[in-house]
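This is what each chain is made of:
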Amino acid sequence: MIRLTMSMTVTNLTTDQATLLEFKHHILDPHSFLDSNWSINSSVYNWIGVSCGARHGRVAVLDLSVMGLEGSLAPNLGNLSFLVSLYLNGNNFHGNLPK
């Protein structure tokens, strides 16, 4: 039972990682905040602006405030099913927030 839970957490966190990497590809990061930190070679737990919930170990908070980011909001952000807080002020995003 514990192996199944750990496996599910890793799989779900991998989904969150893929979602955030796809989001990164839709935006311009003129100060390289995300370019230098968000990669497949580092854990989502260590990414700038990302906080994971203690209970499920999934992305719960995305705080990209005042990073000067520009671009569209990727529809796949809706895949972050445990996201409870999203902070994007101080950037220049366009498009609709995904559901």
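Everything below is about the structure printed above this text.
The structure contained in this document is the topic of the report that follows. Being a predicted model, the structure only gives us computed values, none of them experimental.

### Here we look at the side chain of Gln-17
Here is step 1: With respect to the helices and strands, Gln-17 occurs in helix H1 (residues 2-25).
Here is step 2: Those residues in contact with Gln-17 that sit more than four places away from it in its chain are Ser-39, Ile-40, Ser-42, Val-44 and Trp-47.

### Considering the sheet that holds strand S5 (residues 85-87)
Here is step 1: Taken in spatial order, the three strands line up as S2-S3-S5 in an open sheet, and their pairing is mixed. Whereas interior strands pair on both sides, the edge strands pair on one side only; in this sheet they are strand S2 (50-52) and S5. Here the average twist between neighbouring strands, direction ignored, is 20 degrees.
Here is step 2: As defined by bridge partners, strand S3 (residues 59-63) adjoins S5 across three bridges and the pair is classed as parallel. By the bridge assignment for S5, Asp-63 is matched with Tyr-87.

### Here's the deal with the pattern of salt bridges
Side-chain pairs of opposite charge can arise whenever the charged atoms involved come near each other.
Here is step 1: As enumerated under the stated definition, the model contains one salt bridge in all.
Here is step 2: Measuring nitrogen to oxygen at the nearest pair gives 2.8 Å for the salt bridge that ties Asp-16 to Arg-58. In this pair, Asp-16 sits in helix H1 while Arg-58 sits in the loop between S2 and S3, placing the two residues 42 residues apart along the sequence. Exposure class is identical for Asp-16 and Arg-58. Each is buried.

What counts, and where the lines are drawn
- Residues numbered from 1 in each chain as written.
- Predicted model: local features only at pLDDT ≥ 70, side-chain atom pairs only at ≥ 80, totals over all residues.
- Heavy atoms only, no water.
- Helix = DSSP H or I, 4+ residues; strand = E, 2+ residues; numbered from the N terminus.
- Contact = heavy atoms within 4.5 Å.
- Pairing = 2+ DSSP bridges.
- Axes fitted to C-alpha atoms, helices over the stretch in contact; angles between N-to-C directions.
- Salt bridge = Lys/Arg side-chain N within 4 Å of Asp/Glu carboxyl O.
- Buried < 20%, exposed > 50% of the residue type's maximum accessible area, 1.4 Å probe, protein only.

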